[in-house]
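Breakdown of the fold
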Amino acid sequence: DSFISLAKQGYDAYESSQSNVRKTGGEEYNSPDNSAPGSGGRTNINHEEAAQRAQQHGSGDKDLFHSALGFVGQNQDEHERPVNEEEVTDAHRQAYHEGNASNLSAGSLGSAAAMQ
């Protein structure tokens, strides 16, 4: 009898603690691709906060991270272009098998490094 009474008290306490919880999900809050509604699929980044956190946890100064974020901001459409696998493979071959990385563009060199 006391166990049943104790369980009922526990359930009542749990139920009352859940009655004042705000809704945190649902179709109106979540899009299928996990991007913010109306953002066009792009995540909004607070550049100041990102640079500050990068400085705290990285090895560069805040200006370096601001510069990098500025570059990313100016080139937001880069991720929407399809990857040309043949070009990436060719860049990788030039950089890592032929030792000819100096003739590659920054993008090609980055692709080759990513493949490595």
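Position numbers for residues start from 1 in each chain and track the written sequence from start to end. Reporting in this predicted model follows two pLDDT cut-offs: at least 70 for local features of residues, and 80 or more for side-chain atom pairs to be given and counted; totals over whole chains, interfaces and linings ignore these cut-offs and use all residues. Values reported for side chains reflect all heavy atoms of the structure, with hydrogen atoms and water molecules removed beforehand.

Considerations on the overall build of the chain
- What the chain contains, in helices and strands, is five helices and zero strands.
- Per the convention used, a helix needs a DSSP run of H or I reaching at least four residues, while a strand needs a run of E reaching at least two, with both numbered from the N terminus. Taken from N to C terminus, the helices and strands of the chain fall in the order α-α-α-α-α.
- Throughout this description, buried means an accessible area under 20% of the type-specific maximum (1.4 Å probe, protein chains only), exposed means over 50%, and partly exposed covers the range between. Relative to its full complement of 116 residues, the chain shows a buried share of 12%.
- The Shrake-Rupley method, run with a 1.4 Å probe, gives the accessible areas here. Residue values count only the displayed protein chains as cover. For the chain, the exposed surface amounts to about 9,800 Å²; the carbon and sulfur share of it is 50%.

Concerning the side chain of Q94
- Among the secondary structure elements, Q94 is positioned in helix 4 (residues 85–97).
- Among the residues examined, Q94 registers a relative accessible area of 16% and is labelled buried.
- Residue contacts are defined here by distance: any two heavy atoms, one from each residue, within 4.5 Å place the two residues in contact. Dropping the residues within four chain positions of it, Q94 is found in contact with G99, N100, A101 and L104.

Focus: the pattern of salt bridges
- When a carboxyl oxygen of Asp or Glu lies within 4 Å of a side-chain nitrogen of Lys or Arg, that pair is called a salt bridge. Applying the stated criterion across every chain, the model contains four salt bridges.
- Among the salt bridges present, the one from E49 reaches R53, with a minimum N-O distance of 3.2 Å. Remark: R53 and E49 occur in helix 2 (residues 47–57); sequence separation between them is four residues, near one turn of the helix.

Some remarks on the environment of G110
- Turning to its location among the elements, G110 is positioned in helix 5 (residues 106–115).
- Given the relative accessible area of 38%, G110 is considered partly exposed.
- Taking the C-alpha atoms as reference points, G110 and A91, 19 residues apart in sequence, are found 9.1 Å from one another.

Here's the deal with the packing of helix 4 against helix 5
- Between the N-to-C directions of two axes lies an angle of 0 to 180 degrees, each axis being a line fitted to C-alpha atoms and, for a helix, fitted only over the stretch in contact. Between helix 4 and helix 5, the shortest axis-to-axis distance is 8 Å and the interhelical angle comes to 85°. With respect to each other, helix 4 and helix 5 are oriented roughly perpendicular. For the pair helix 4 and helix 5, the contacting residues are V88, T89, A91, H92, A95 and Y96 in the first and S108, L109, S111, A112, A113 and M115 in the second.
- Residue polarity follows a fixed list, in which Ala, Val, Leu, Ile, Met, Phe, Trp, Tyr, Cys and Pro are nonpolar, Asp, Glu, Lys and Arg are charged, and the others, Gly among them, are polar. Considered class by class, the residues forming the contact of helix 4 with helix 5 number eight nonpolar, four polar and no charged. Any angle from 65 to 115 degrees is called roughly perpendicular, while one under 35 is roughly parallel, one over 145 is roughly antiparallel, and all others are oblique.

A short note on the side chain of H92
- Tracing the backbone through its elements, the reader meets H92 in helix 4.
- Not counting residues up to four positions away in its chain, the partners in contact with H92 are H97, A112, M115 and Q116.

Quick look at the confidence of the model for the chain
- Confidence scores per residue from the predictor, reported as pLDDT, run from 0 to 100. The predicted model of the chain has a mean per-residue pLDDT of 76, with 75% of residues at 70 or higher.
- Per-element confidence in the chain is highest for helix 4, whose mean pLDDT is 92, and lowest for helix 3 (residues 62–74), whose mean pLDDT is 78.

Overview of the packing of helix 2 against helix 3
- Between helix 2 and helix 3, whose axes approach to 8 Å, the crossing angle comes to 135°. In terms of axis orientation, helix 2 runs oblique to helix 3. The two elements helix 2 and helix 3 meet at a crossing, and its hand is right-handed. Here helix 2 contributes H47, E48, A50, A51, Q52, A54 and Q55 to the contact with helix 3, which in turn contributes K62, F65, H66 and L69.
- Classifying every residue of the contact of helix 2 with helix 3 by side-chain character gives five nonpolar, four polar and two charged. Handedness of each helix crossing follows the sense of rotation of the near helix against the far helix: counterclockwise by less than a right angle gives left-handed, clockwise gives right-handed.

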